[in-house]
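Results of the structural survey
So you can see what is in the structure, the chains are spelled out below.
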Amino acid sequence: MRRTIIAGNWKMNCTRADARALVAGVVVAASQRPDVEVLVCPPYTALETATAAAAGTNVGVAAQNLFWKPKGAYTGQISAAMLVDLKISTVLVGHSETRGRFGVPEPDFDEAVLRHFGESDETVNRKVITALAAGIRPIICVGETLAERSAGATDVVVADQVRKALQNIDPAQNEVVFAYEPVWAIGTGEVCAPDEANRVCGVIRQTVAELSTQSAASSLRVQYGGSVKPDNAADLLSRTNIDGALVGGASLNAADFTAIILAAPV
Ligand code: PGA
């Protein structure tokens, strides 16, 4: 039995005061569902505040990214050791917004400028290796763009991202979580149909079975992310291959995030 894992990705939102208030609400929801793993992913500036607010509760705190170098002249980057120093034990890696695949182009910038985070499958793999070496569990985000889906390439793209993220990593020896996040469903209000989300989460599991062992694949947790809301969460979370949700917009509202946590199958 895989434990449901619901994570709130706050992205570039929340001051420390906002974080304190939001965690206070999430703690109440999480206390009602000790069977569910509940995580919040604040921006770096609120990690310590959120950790303090969640101390002694069953809410965990995760970071949104890390860099693979241990230290040095990397302006704006955060190392694994810095996260360990804050007692952070989970990190998102390869979110489509850091991969630079923005769903909604901004009218003032051309596409090349928008790809300023430039994450590739290779850098995702480095980050996964770095996190695991520091004892931090990665939640690895994968997912196809609308163009890739329209071209019928979803399964190939997703399986390829999984294989490349896990280069030189054996998931039988290291705990990793995957989040299937179709790029076209993120922040758009357009959720992937539960049957289809479940099918692609199955593709991720099957790819892990091919790379590692059947038992590693069976115990792997795969979240769905992309416009998860209170009204679609129960349908998604009831599917056999969907073990949780990575929630963006709706995780910023304590009532909505609570409803999503409570929607997890018992
Ligand atoms: P969304 O974001 O729930 O706002 O679509 C999900 C994510 O980016 O993880």
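Remember, predicted model here, so these are calculated numbers, not experimental data. (Residues numbered from 1 in each chain as written. Predicted model: local features only at pLDDT ≥ 70, side-chain atom pairs only at ≥ 80, totals over all residues. Heavy atoms only, no water.)

Turning next to the site of the ligand. Lining the immediate surroundings of the ligand are 13 residues, of which Lys 11, His 95, Glu 181, Gly 187 and Ser 227 lie closest. Between the ligand and the protein, one listed contact pairs an oxygen atom with a side-chain N or O atom of Lys 11 at 2.7 Å. Contacts to the ligand include Ser 227, whose backbone N or O atom sits 2.7 Å from an oxygen atom. Notes on the ligand: free accessible area 280 Å², of which the protein chains cover 97%. (Near = heavy atom within 4 Å. Polar contact = N/O pair within 3.5 Å; in protein donor to acceptor, adjacent residues only side chain to side chain. Areas by Shrake-Rupley, 256 points an atom, 1.4 Å probe, with all protein chains shown as cover.)

One pass over the full model with this rule turns up three aromatic pairs. The interplanar angle of 35 degrees and the centroid separation of 4.4 Å between the aromatic rings of Phe 67 and Trp 68 together place this pair among those described as tilted. Among the aromatic residues, those joined into a ring-pair cluster are Phe 67, Trp 68 and Tyr 74. (Phe/Tyr/Trp six-rings, centres within 6.5 Å; stacked < 30°, edge-to-face > 60°.)

As a further point, take the environment of Gly 56. With respect to the secondary-structure elements, Gly 56 resides in the loop between helix H2 (47-54) and strand S3 (59-61). On the basis of relative accessible area, Gly 56 is assigned to the exposed category, the value being 89%. Each C-alpha atom of the pair Gly 56 and Ile 5 lies 19 Å from the other, and the pair is 51 residues apart in sequence. (Helix = DSSP H or I, 4+ residues; strand = E, 2+ residues; numbered from the N terminus. Buried < 20%, exposed > 50% of the residue type's maximum accessible area, 1.4 Å probe, protein only.)

Further remarks concern the packing of helix H1 (residues 16-32) against helix H12 (residues 254-262). Between H1 and H12, the least distance of the axes is 9 Å, while the angle of their chain directions is 20 degrees. In terms of their interaxial angle, H1 and H12 are classed as roughly parallel. As for how H1 packs across H12, the hand of that crossing is right-handed. Contacts between H1 and H12 involve Leu 22, Gly 25, Val 26, Ala 29 and Gln 32 from the former and Ala 254, Phe 257, Thr 258, Ile 261 and Leu 262 from the latter. Across the contact of H1 with H12, the residue classes tally to seven nonpolar, three polar and no charged. (Axes fitted to C-alpha atoms, helices over the stretch in contact; angles between N-to-C directions. Parallel < 35°, antiparallel > 145°, perpendicular 65-115°, else oblique. Left-handed = near helix turned anticlockwise from the far one by under 90°. Contact = heavy atoms within 4.5 Å. Nonpolar A, V, L, I, M, F, W, Y, C, P; charged D, E, K, R; others polar.)

Moving on: the pattern of salt bridges. On inspection of all chains with the given rule, the structure shows 17 salt bridges. The closest approach of N and O atoms between Asp 121 and Arg 99, which form a salt bridge, is 2.8 Å. Of the two residues, Asp 121 is situated in helix H6 (residues 121-133) and Arg 99 in helix H4 (residues 96-99); the sequence distance between them amounts to 22 residues. Using a relative accessible area of 18% as the deciding quantity, one classes Asp 121 as buried. Of the residues examined, Arg 99 reaches a relative accessible area of 8% and is grouped as buried. Between Glu 196 and Arg 199 there is a salt bridge, with its nearest N and O atoms 2.9 Å apart. Taken together, the residues span about one helical turn, with Glu 196 and Arg 199 both in helix H9 (residues 194-211) at a distance of three residues. With relative accessibility at 37%, the residue Arg 199 sits in the partly exposed group. (Salt bridge = Lys/Arg side-chain N within 4 Å of Asp/Glu carboxyl O.)

What follows covers empty space enclosed by the protein. By the definition in use, this model includes one cavity of 30 Å³ or more. The space that makes up the largest cavity amounts to roughly 40 Å³. Taken together, eleven residues make up the lining of the largest cavity; nearest its centre are Gly 94, Ser 96, Arg 99, Val 142 and Gly 143. Secondary structure elements with two or more residues in the lining of the largest cavity: H4 and strand S5 (137-142). Grouping the amino acids of the lining of the largest cavity by side-chain chemistry returns three nonpolar, five polar and three charged. (1 Å grid on protein atoms, 1.4 Å probe; cavity = no way out; pocket = protein on both sides within 12 Å on 5 of 7 lines; lining within 4 Å. Points joined across faces, edges and corners; volume = space filled by probe spheres on them.)

All right, on to the side chain of Thr 130 then. With respect to the element layout, Thr 130 can be found in helix H6. Taking relative accessible area as the criterion, Thr 130 reaches 17% and is therefore assigned buried. Filtering out sequence-adjacent residues up to four positions away, Thr 130 remains in contact with Leu 66, Phe 67, Trp 68 and Ala 80.

As a further point, take H9. The end-to-end C-alpha distance of H9, which contains 18 residues, comes to 26 Å, matching closely the 26 Å that a straight helix rising 1.5 Å per residue would cover. Burial of H9 is extensive: 13 of the 18 residues sit out of reach of the surface. (Expected span 1.5 Å × (residues − 1).)

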